[in-house]
Amino acid sequence: QNGGPCSTLSWKRCAGCGGKIADRFLLYAMDSYWHSRCLKCSCCQAQLGEIGTSCYTKSGMILCRNDYIRLFGNSGACSACGQSIPASELVMRAQGNVYHLKCFTCSTCRNRLVPGDRFHYINGSLFCEHDRPTALINGHLNSLQSNPLLPDQKVC
């Protein structure tokens, strides 16, 4: 007879490096096993087993709590409507302000600005390419910056 009690031992493979996990401790996250050293935050590279008991995943990234909140959560209130934005919702950002997708609209025509549109951000207001102000503001021609609009992908 070959084998013995140890022959039934099934090795776990690390989802990070693909190697066998022979360590005394292993981590289980996202339906997979990990070496402690391999389960890292996609943004800050912190070893997640060392900094807490939870990790987060979204958009194919594994994240520590701080980076998850920074990128996806606690967005605060929408700059247009003032309502809170759920952590699970994608947002649009302009000049440090955050908006619901439905609230990211031209101040003049109220048409929603979508990825691929060009827009202008002037004195806290959004304008589509067609409705950009051309008047003098405070006696000076406001420098109109055309910004290609992209959804906030929240990439590190």
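Residues numbered from 1 in each chain as written. Predicted model: local features only at pLDDT ≥ 70, side-chain atom pairs only at ≥ 80, totals over all residues. Heavy atoms only, no water.

Taking an unreviewed UniProt entry as the reference, the protein is identified by name as LIM domain transcription factor LMO4 belonging to Pelobates cultripes.

Visitor: Pulling in residues and values, what's your account of the nonpolar core?
Guide: Membership of the largest hydrophobic core comes to 15 residues, with the highest contact counts inside it found for Ala 94, Tyr 99, Phe 104, Leu 113, Phe 119, Tyr 121 and Leu 126. If you tally residues by element for this core, the top one is strand 7 (residues 91-94), at three residues. With sequence-adjacent residues up to four places away left out, Tyr 99 is seen in contact with Cys 78, Ser 79, Ala 80, Ile 85, Val 91, Met 92, Ala 94, Phe 104, Tyr 121, Gly 124 and Leu 126. Listed in part, the twelve residues of the second largest apolar core include Trp 34, Cys 41, Cys 43 and Leu 48. (Core = buried A, V, L, I, M, F, W, Y, C linked by side-chain atoms within 4.5 Å. Buried < 20%, exposed > 50% of the residue type's maximum accessible area, 1.4 Å probe, protein only. Helix = DSSP H or I, 4+ residues; strand = E, 2+ residues; numbered from the N terminus. Contact = heavy atoms within 4.5 Å.)

Visitor: Any details on the confidence of the model for the protein? Residues and values, ideally.
Guide: Mean pLDDT over the protein stands at 75; residues scoring 70 or higher make up 76%. Ranking the elements of the protein by mean pLDDT puts strand 12 (residues 140-141) last, at 40, and strand 2 (residues 20-21) first, at 91. In the model, residues 1-8 has pLDDT below 50 throughout and makes zero contacts with residues more than four positions away in sequence or in other chains. Note on residues 136-156: pLDDT under 50 across the span, and 48 contacts to partners over four residues away in sequence or across chains. (pLDDT = per-residue confidence, 0-100.)

Visitor: So, the packing of aromatic side chains: which residues are in play, and what are the values?
Guide: One pass over the full model with this rule turns up three aromatic pairs. Their ring planes at 55 degrees and their centres at 4.8 Å tell us that Tyr 28 and Tyr 33 sit as a pair that is tilted. The exposure class assigned to Tyr 28 is exposed, which follows from its relative accessible area of 52%. For Tyr 33, a relative accessible area of 30% gives the class partly exposed. (Phe/Tyr/Trp six-rings, centres within 6.5 Å; stacked < 30°, edge-to-face > 60°.)

Visitor: Explain the pairing of strand 3 (residues 26-29) to me, using residue names and the numbers behind them.
Guide: Sheet analysis places strand 3 next to strand 4 (residues 32-35), joined by four bridges and oriented antiparallel. Looking at the pairing, Tyr 28 lines up with Tyr 33 of strand 4. Between strand 3 and the antiparallel strand that follows it, strand 4, lie two residues; Met 30 among them carries a positive phi value of about 55 degrees. (Pairing = 2+ DSSP bridges.)

Visitor: Please provide a residue-by-residue account of the environment of Val 114, values included.
Guide: You can see Val 114 is positioned in the loop between strand 8 (97-100) and strand 9 (118-122). Residue Val 114 is classed as partly exposed on the basis of its relative accessible area of 31%. Linking Val 114 and Lys 102, residues twelve residues apart in sequence, is a C-alpha distance of 9.3 Å.

Visitor: Account for unusual backbone geometry, naming residues and giving values.
Guide: A positive phi is found at Asp 31, a non-glycine position, where the angle reads about 60 degrees. Here Asp 31 lies in the loop between strand 3 and strand 4.

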